[in-house]
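The residues making up each chain are set out below.
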Amino acid sequence: MKKKQLWFTLALAAALPLSAQQKPVYLDENRPIEERVEDALGRMTLAEKLHVIHAQSKFSSGGVPRLGIPELWTDDGPHGVRPEVLWDEWEQAGWTNDSCVAFPALTCLAATWNPDMSLLYGQSVGEEARFREKDVLLGPGVNIYRTPLNGRNFEYMGEDPYLSSRMVVPYVQGVQQNGVAVCVKHFALNNHEVNRHNTNVIVDDRALYEIYLPAFKAAVQEGKAWTIMGGYNLYQNQHCCQNERLLQDILKGEWGFDGAVVSDWGGVHNTEQAIAHGVDLEFGSWTDGLANGVSNAYDNYYLANPYLELIQAGKVGTRELDDKVRRVLRLIFRTAMNTRKPFGSMCSPEHYDAARRIGEEGIVLLKNEGGLLPIRLDEVKKVAVVGENAVKMMTVGGGSSSLKVQREVSPLDGIRARLKGKAEVTYVRGYVGDVGGEYNGVVTGQDLKDDRTPDELIAEAVQVAKEADLVIFVGGLNKSAGQDCEDSDRASLSLPYGQDRVIEALAEANPRLVVVNISGNAVAMPWVDRVPAIVQGWFLGSEAGNALASVLTGDVSPSGRLPFTFPVRLEDVPAHSLGEYTGERRRDTVDIRYNEGIFVGYRWADKQKKVKPLFAFGHGLTYTTFEYGKPTVDRKTLTVDGTVTVRVKVKNTGSREGQEVVQLYVSDLKSSLPRPVKELKAFRKVRLAPGEEQEVSFTLGRDALSFFDADRHEWVAEPGKFEAIVAASAADVKGKVAFELK
Ligand code: BGC
């Protein structure tokens, strides 16, 4: 270019507004993300790189202000968006514009067996997170239900790897459509709470790959999750947030994860391992960010100054650092710097509607003798509602998933509203459980104190029950420590607070008794034979009472199915009879052996000749009846890359509309390694009008037939005979059809 021309060009560029000048590559959203990442990385100083890989406050990490790269804001998750907290503390900040809609707990979502509900859930909670300007929503959780004592089971999706895989993917997609990343947690083997920081899990590779990893893998590979959270526990004697095998070999190696690994809050323990073993964003290393005795404790995080010192001393290079920064930049471009994301919304009528529909579809009718339910509104004039959980707010408490809600309809209020003008509703307490109502500064404002003795409370309940046409007991667990609550496990399978006694007394007083169990876990039911109707109610969120009333009155026909087995006794749970578990708090590292291997949940129950579960995996009744035809296959033999299609007709033979969950299990009749009697490999929820019949078809391929051969470290589909089992639950087989893999 001639000198004159050059001057002219420079002068023109200077005169143009910045927007008309060519954008740096990293700011240009039309460029491929990898180019933008490399461009931004190339412009960053060492200090800036270190700055973006660890927290700057309780829930945020710093950006690169010099380059206009913004901070990242995270928040819990997974049932709604947690209130704002103080900069360095767990305590809520006391804002008045951060109340949210609470969606039903993830156990309830899993119980819908409906991936459409999962997409709706993800979209809705994602919109709330987006509106609140969060970049990362800390959830969903997909740790497998290994023991009913685990205090955090309510945040997860049950015992089966296939069900949880199918249910997690749409949630991930729904959230991320909003330009908000999910953070799938807690990777991996985080299956109980007591000693969560010092439990070292010992599990064989077969169980790891077949049971504990599939839902994470599906979230990463099919859902394309942008972040994942390491667990608190150890595996192979390394904490999961700095675990070479889990993070480097499996997640980033085998699965090709291109997102960022977020540590659980306080889950990093050592700089060298954190550098080498794959955590990309460190959070919560000190509960109070200022407690380390220096002006900014965040600078002393394992991935901050201690990392810098190792680099300066020449002990580590910057290859790992660049990889971490690339992942964080990718995350920022996908979320915080994504200018094409929608705006989101909060507490909208649509979100309440979603919460209610998910709740209605997840509630499980466990038992319904004599058709006690739905409530016959023409006959029932006096209803007695008994039990603390009919009135107790359940959205506050339980640990990090605790919320500050705009409103929460209690079961009692929901039932009252629905029966208004039709039946008189009397409420009595029945028992006193946990009268607390505060979590990190969020208060329910409820006064649940009651000083009467259990005998007095039971006498009152019996009196009211005797005079009623129908009794509805609403009890179960709550979100206080030792129940369904983070950082603690339950002490036993039994219902707390003497509820069994109350239920027995009610059953004696009035045989027209419905028990509604609110929990995220299975509970023992020694009174099961004396109670005609039992409903599994979960933690249902803002619309709890409305959803419950819809199902009890039959506005909606129940269609939830259990995502985990209800055992009769704790000894029937393989983690307790074969494997190990300790509820004793310890300071040293506790080895916990998963000796039960792949035989978790129904995979164990199916093997038992004498012991039957209280309620099987996949169980749930409706207000109608279904008839199944004989299943057929399109071919009797298939090759290893081929598929087989199983077809079955299902007919609604009752007089009401209803939804059936058609479950397809596969049985490998002969194999070189022991295999479960059957494994869930497909399911479909179908809505049928009275008299309507539909053909449901499932196509099975190699994945559905394979097991993980640990010696060969690969999935193997062995030639031989298989059976496709069509069932309405793991214990209710409707038909079988054989085929052979050549
Ligand atoms: C929990 C995580 C949660 C994090 C932030 C941890 O104690 O295990 O699930 O996302 O805190 O609140």
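Residues numbered from 1 in each chain as written. Predicted model: local features only at pLDDT ≥ 70, side-chain atom pairs only at ≥ 80, totals over all residues. Heavy atoms only, no water.

Asker: Explanation requested: the overall build of the chain in the structure shown.
Answerer: Check the secondary structure of the chain and you find 20 helices and 29 strands. Radius of gyration (C-alpha) of the chain: 27 Å, near the 27 Å computed for a compact globule of 742 residues. Overall, the chain is about 100 × 65 × 55 Å in size when its C-alpha atoms are taken along their principal axes. Accessible surface, the chain: about 27,700 Å² in total, of which carbon and sulfur atoms supply 49%. Positive and negative side-chain charges in the chain, numbering 86 and 99 respectively, have mean positions lying 5 Å apart. (Helix = DSSP H or I, 4+ residues; strand = E, 2+ residues; numbered from the N terminus. Rg over C-alpha atoms; globule rule 2.2 N^0.38 Å. Areas by Shrake-Rupley, 256 points an atom, 1.4 Å probe, with all protein chains shown as cover. Lys, Arg positive; Asp, Glu negative; His and termini not counted. Charge placed at Lys NZ, Arg CZ, Asp CG, Glu CD.)

Asker: Sorry, what's going on with the site of the ligand here?
Answerer: The environment of the ligand is made up of 15 residues, and the closest members are Asp-76, Arg-152, His-186, Tyr-232 and Asp-264. The separation between an oxygen atom of the ligand and a polar side-chain atom of Arg-152 is 2.8 Å. The contact in question runs from an oxygen atom of the ligand to an N or O atom on the side chain of His-186, over 2.7 Å. Here the ligand loses 98% of its free accessible area of 310 Å² to cover by the protein chains. In terms of residue class, the shell around the ligand is made up of six nonpolar, two polar and seven charged. (Near = heavy atom within 4 Å. Polar contact = N/O pair within 3.5 Å; in protein donor to acceptor, adjacent residues only side chain to side chain. Nonpolar A, V, L, I, M, F, W, Y, C, P; charged D, E, K, R; others polar.)

Asker: Before we go on, may I ask you to explain unusual backbone geometry in this structure?
Answerer: Among all residues save glycine, negative phi is the norm, and among peptide bonds the norm is trans. Backbone torsion omega between Asp-76 and Gly-77 reads 0°, so that peptide bond is classified as cis. With respect to the element layout, Gly-77 can be found in the loop between strand S2 (72-76) and helix H4 (106-112). Note the cis peptide between Leu-373 and Pro-374, where omega equals -5°. Among the structural elements, Pro-374 can be located in the loop between strand S10 (364-368) and strand S11 (382-386). Backbone geometry places Asp-487, a non-glycine residue, at a positive phi of 70°. Among the secondary structure elements, Asp-487 is positioned in the loop between strand S15 (470-476) and helix H16 (499-509). Backbone geometry places His-713, a non-glycine residue, at a positive phi of 55°. Among the secondary structure elements, His-713 is positioned in the loop between strand S26 (707-709) and strand S27 (714-716).

Asker: Help me understand the state of the cysteines, please; the structure alone is not making it clear to me.
Answerer: By definition, a disulfide links two cysteine residues through a covalent bond between their sulfur atoms. As enumerated under the stated definition, the model contains zero disulfides in all. Not part of a disulfide, Cys-100 finds its nearest cysteine sulfur in Cys-347, a span of 6.6 Å. With a relative accessible area of 0%, Cys-100 lands in the buried category. Cysteine Cys-108 shares no disulfide, and the gap to the nearest cysteine sulfur, in Cys-100, comes to 16 Å. For Cys-108, a relative accessible area of 0% gives the class buried. (Disulfide = S-S within 2.5 Å. Buried < 20%, exposed > 50% of the residue type's maximum accessible area, 1.4 Å probe, protein only.)

Asker: Would you mind showing me how to read the packing of helix H13 (residues 349-362) against helix H17 (residues 544-553) here?
Answerer: A pair of packed helices is captured by two measures, namely the crossing angle of their axes and the spacing between those axes. Put simply, H13 and H17 touch, their axes get as near as 8 Å, and they point 45° apart. With respect to H17, the axis of H13 lies oblique. Crossing of H13 over H17 shows right-handed handedness. Contact residues: Arg-356, Gly-359 and Glu-360 in H13; Asn-546, Ala-547, Ser-550 and Val-551 in H17. Here the contact of H13 with H17 is composed, by residue class, of two nonpolar, three polar and two charged. (Axes fitted to C-alpha atoms, helices over the stretch in contact; angles between N-to-C directions. Parallel < 35°, antiparallel > 145°, perpendicular 65-115°, else oblique. Left-handed = near helix turned anticlockwise from the far one by under 90°. Contact = heavy atoms within 4.5 Å.)

Asker: Help me understand the pattern of salt bridges in this model?
Answerer: If the charged atoms of two oppositely charged side chains come close together, the side chains can form a pair. Evaluated as defined, the whole model comprises 57 salt bridges. The partner of Arg-132 in a salt bridge is Asp-75, and the shortest N-O contact between them spans 3.6 Å. Here Arg-132 is found in the loop between helix H5 (115-131) and strand S3 (136-138), whereas its partner Asp-75 is found in strand S2, with 57 residues between them in sequence. Side by side, Arg-132 and Asp-75 carry an identical accessibility label, which is buried. With a closest N to O distance of 4.0 Å, Asp-487 and Arg-585 form a salt bridge. One end of the pair, Asp-487, is in the loop between S15 and H16; the other, Arg-585, is in the loop between helix H18 (574-577) and strand S18 (590-593), and 98 residues separate them in sequence. According to the relative accessible area criterion, Asp-487 is partly exposed, its value standing at 36%. Of the residues examined, Arg-585 reaches a relative accessible area of 51% and is grouped as exposed. Ionic contacts of the salt-bridge type, sharing partners, join the residues Arg-152, Glu-155, Glu-193, Arg-196, Glu-486, Asp-487 and Arg-585 into one network. (Salt bridge = Lys/Arg side-chain N within 4 Å of Asp/Glu carboxyl O.)

None of this, on its own, says anything about what the molecule does.
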